[in-house]
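# Summary of structural features
Residues per chain, in single letters:
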Amino acid sequence: MLPLLLLLLAMAHGLEKLPYTPTLAHTPLGGLTTTSTFVLEQPRCVFTKLQDNAVIWLVVAVPKAVENFNNSVGPGTPERAFQGFPGSADAYMTLNTTILNYPCPKPPGEITVLRVGSETGCIKDETRPTCNGPLPGPGPYRVKFLALNGSEPVAETAWSQPITLRTARPLSSIPAMGSGHSAGMIALTTILSILFAILLAGLVAMLVFWGSDAYGGSSTFSKPEAVTVRRYNTHHAYDQPAARL
């Protein structure tokens, strides 16, 4: 009964339901999902009937919030604040922009993606309830684009399929060194180890050779000094002839 009431309320406010479903980006760059972010295609050529001053928001919600989601709860309120997600707020609104930033058709070669969860400086900043902060867990999450004219919802897309983020592998699940390595990797490691050992042995031998050569070259053998024998003539002593008798 409540979903039907919300639908009637949306029709009464002239909310346009757009035949577009947000999807993960189709790009060869990789990294479409991480442990705290995911990348969406921009909604190009989707909001074609909006006024230029209408603001397009991205709504990120837990799956249980989708069925009874109330578009009348505006961005920046406690029920739509990133800092309360997913505890006190089962959805938050972020990445607001105008139709001017989603030109149609897109210029050739332009990257037209949105990375959800890329801001880290406003995670706990309650003055920025529309923070595009990292997702708090693997999810799953569902998203849609909602256009507001002032505070009035005027157009929305369908909800995406559930988006699940990557999960970090526990340390115990990482294979120990040597287990799970290919035979080629083991052989390469062995060869490199042998080459390193040979190089180290050669270096040690070279150092020993240089050391012994330097020691031998610096040794000097002293020449025996010539012994000089001086002859002294005693001028005051001389043989006297025998005394005559």
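Residues numbered from 1 in each chain as written. Predicted model: local features only at pLDDT ≥ 70, side-chain atom pairs only at ≥ 80, totals over all residues. Heavy atoms only, no water.

Counting its regular elements, the chain contains two helices and seven strands. Order of helices (α) and strands (β) in the chain, N terminus to C terminus: α-β-β-β-β-β-β-β-α. In the form shown here, the chain has an accessible surface area of approximately 16900 Å², with 62% of it arising from carbon and sulfur atoms. (Helix = DSSP H or I, 4+ residues; strand = E, 2+ residues; numbered from the N terminus. Areas by Shrake-Rupley, 256 points an atom, 1.4 Å probe, with all protein chains shown as cover.)

What follows concerns the nonpolar core. Phe47, Leu135 and Phe145 are the most contacted members of the largest nonpolar core, which totals 42 residues. Elements with a minimum of two residues in this core: strand S2 (38-41), strand S3 (55-61), strand S4 (91-98), strand S5 (113-116), strand S6 (142-149) and strand S7 (152-156). The element best represented in this core is S3, accounting for six residues. (Core = buried A, V, L, I, M, F, W, Y, C linked by side-chain atoms within 4.5 Å. Buried < 20%, exposed > 50% of the residue type's maximum accessible area, 1.4 Å probe, protein only.)

A word on the sheet that holds S3. Strand order in the open sheet made by the five strands is S1-S7-S6-S3-S4, with mixed pairing throughout. Two strands bound the open sheet, and with one partner strand each, they are strand S1 (16-17) and S4. Note: S6 against S7, four bridges, orientation antiparallel. Considered in S7, the bridge of Asn149 is made with Glu152. (Pairing = 2+ DSSP bridges.)

A cluster of nonpolar side chains, namely Phe196, Leu200, Leu203, Val204, Met206, Leu207, Val208, Phe209 and Trp210, defines an oily patch on the protein surface of about 960 Å² accessible area. Here Leu203 lies in helix H2 (residues 183-218). Of the residues examined, Leu203 reaches a relative accessible area of 46% and is grouped as partly exposed. (Patch = residues over 30% accessible without salt bridge, like charges linked within 9 Å, V, L, I, M, F, W, Y side chains within 5 Å. Salt bridge = Lys/Arg side-chain N within 4 Å of Asp/Glu carboxyl O.)

This part is about the pairing of S3. Burial runs high along S3: six of the seven residues are buried. Inspection of the sheet shows S3 paired to S4 by six bridges, in the antiparallel sense. If you follow Val59 over to S4, its bridge partner there is Met93. Pairing of S3 with S6, which is carried by seven bridges, proceeds in the antiparallel orientation. When the bridges of S6 are listed, Leu58 appears paired with Phe145.

Another aspect to go through is the environment of Glu79. Inspection of the secondary structure assignment puts Glu79 in the loop between S3 and S4. Each C-alpha atom, one on Glu79 and one on Ala89, is 4.8 Å from the other, the two residues being ten residues apart in sequence. With residues near it in sequence (within four places) discarded, Glu79 still touches Val73, Ala89, Asp90 and Ala91. (Contact = heavy atoms within 4.5 Å.)

So, on to unusual backbone geometry. Note that the residue after Cys104, namely Pro105, is joined by a cis bond; omega there is -5 degrees. Tracing the sequence through the fold places Pro105 in the loop between S4 and S5. A cis geometry characterises the amide bond from Gly139 onward to Pro140, with omega recorded as 15 degrees. Here Pro140 shows up in the loop between S5 and S6. Despite not being glycine, Cys45 shows a phi value in the positive range, around 60 degrees. Summarising the element assignment, Cys45 is placed in the loop between S2 and S3. Look at Cys45 and you get partly exposed, because its relative accessible area is 38%. One non-glycine residue, Leu95, lies in positive phi territory at about 50 degrees. Mapped onto the elements, Leu95 comes out in strand S4.

Summed over all chains, the structure comprises four aromatic pairs. Ring centres of Phe85 and Tyr92 lie 4.9 Å apart, and the angle between their planes is 65 degrees; this geometry places the pair in the edge-to-face category. Judged on exposure class, the residue Phe85 and its partner Tyr92 are both buried. An aromatic cluster is present here, built from Phe82, Phe85, Tyr92 and Tyr141 joined pairwise through their rings. (Phe/Tyr/Trp six-rings, centres within 6.5 Å; stacked < 30°, edge-to-face > 60°.)

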